[in-house]
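# Overview (structure and organization)
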Amino acid sequence: DKVERDVYDKTINEMKDYLRTLVLESTGLEQTLEIIQEKYAEAKYLEEERGAEAVMPLDEVVRKARQDFSDEVDEELEDEDI
């Protein structure tokens with residue numbers, strides 16, 4: 001239940017923390033885990049990006065943005081009677 005009831009529980013928890021720190025810092029495991037986590041996050045981002053592109057290809061997004069911009073410019077010109 002992870003509740004420290006006496007000095008023995010506290011000692012055991014301190015020993016666990018010490019060993020965890022000792023292993024992570026002495027073997028470079030912490031840095032390795034951080035690199036793995038970064039690579040995983042990057043791969044997940046790229047996967048989501050590919051999924052979004054599968055839904056609407058990038059060429060179509062650019063074409064739509066250009067068309068929207070062109071429509072806005074045309075509206076402004078019409079409003080100013082140019």
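In case you missed it, the structure is sitting above this.
Structural notes, computed from the coordinates. Each chain carries its own residue numbering, running from 1 in the written order of its sequence. Residue-level local features of this predicted model are given only where pLDDT is at least 70; pairs of side-chain atoms are given and counted only at 80 or more, and the full residue set underlies all totals for whole chains, interfaces and linings. The side-chain values count all of the structure's non-hydrogen atoms but skip hydrogen atoms and water molecules.

### Observations concerning the overall build of the protein
Every helix listed is a DSSP run of H or I at least four residues long, and every strand listed is a run of E at least two residues long, numbered separately from the N terminus. Helix and strand content of the protein: three helices and zero strands. Its helices and strands in sequence order give the protein the pattern α-α-α, from N to C terminus. All radius of gyration figures rest on C-alpha atoms, and the globule criterion is 2.2 Å times the number of residues raised to 0.38. For the protein, whose C-alpha radius of gyration is 28 Å, the value lies well above the compact-globule estimate of 12 Å for 82 residues. Classification of residues uses two cut-offs on accessible area relative to the type maximum, computed with a 1.4 Å probe and protein chains only: under 20% is buried, over 50% is exposed, and between them is partly exposed. With 82 residues in all, the protein has 0% of them scored as buried.

### Re a nonpolar patch on the surface
Two joining distances apply to patches: 9 Å for like charges and 5 Å for nonpolar side chains (Val, Leu, Ile, Met, Phe, Trp, Tyr), and every residue must have over 30% relative accessible area and no salt bridge. In short, Shrake-Rupley with a 1.4 Å probe defines the accessible areas, and a residue's cover is counted only from the protein chains shown. Salt bridge, as applied in this entry: a Lys or Arg side-chain nitrogen positioned within 4 Å of an Asp or Glu carboxyl oxygen. A cluster of nonpolar side chains, contributed by Val55, Met56, Leu58, Val61 and Val62, occupies part of the molecular surface with about 430 Å² of accessible area. Broken down by element, the residue count for the nonpolar patch peaks at three residues, all from helix H3 (residues 58-79). Along the polypeptide, Val62 turns up in helix H3. Residue class for Val62 comes out partly exposed when judged on its relative accessible area of 37%.

### Describing the packing of helix H1 (residues 7-27) against helix H2 (residues 29-55)
Running from N to C, H1 and H2 point in directions that differ by 75 degrees, and their axes come no closer than 5 Å. Judged on the interaxial angle alone, H2 and H1 are roughly perpendicular. Listed contacts from H2 to Val23, Leu24, Glu25 and Thr27 of H1 are Leu29, Glu30 and Leu33. Here the nonpolar group is Ala, Val, Leu, Ile, Met, Phe, Trp, Tyr, Cys and Pro; Asp, Glu, Lys and Arg are the charged ones; every other residue, Gly included, is treated as polar. Within the contact of H1 with H2, the residues separate by chemical class into four nonpolar, one polar and two charged. Helix axes use the C-alpha atoms of the stretch in contact, all axes being lines fitted to C-alpha atoms, and the angles between their N-to-C directions lie in the range 0 to 180 degrees. To sort the angles, those under 35 degrees are grouped as roughly parallel, those over 145 as roughly antiparallel, those from 65 to 115 as roughly perpendicular, and the leftovers as oblique. Residues count as neighbours in contact if any of their non-hydrogen atoms are within 4.5 Å of one another.

### With respect to the pattern of salt bridges
Opposite charge on two side chains permits pairing when their charged atoms draw close. Per the stated rule, a full pass over the model turns up two salt bridges. A salt bridge links Asp17 to Arg20, with the nearest nitrogen and oxygen atoms 3.0 Å apart. On the criterion of helical spacing, the pair formed by Asp17 and Arg20 is a turn pair, its members being three residues apart in helix H1. What makes Arg20 partly exposed here is its relative accessible area of 48%. Put simply, Lys64 and Asp68 hold a salt bridge, and the shortest N to O gap is 3.4 Å. Of this pair, Lys64 and Asp68 both sit in helix H3, separated by four residues, roughly a single helical turn.

### Side note on the environment of Glu80
Tracing the chain through its elements places Glu80 in the segment after H3. Residues Glu80 and Lys44, 36 residues apart in the sequence, show an inter-C-alpha distance of 48 Å.

### Describing a negative patch on the surface
Positive: Lys, Arg. Negative: Asp, Glu. His and the chain ends are not part of the count. By convention, the charge on Lys lies at NZ, on Arg at CZ, on Asp at CG and on Glu at CD. A cluster of acidic side chains, namely Asp71, Glu72, Asp74, Glu75, Glu76, Glu78, Asp79, Glu80 and Asp81, defines a negative patch on the protein surface. Mapped onto the fold, Glu75 is located in helix H3.

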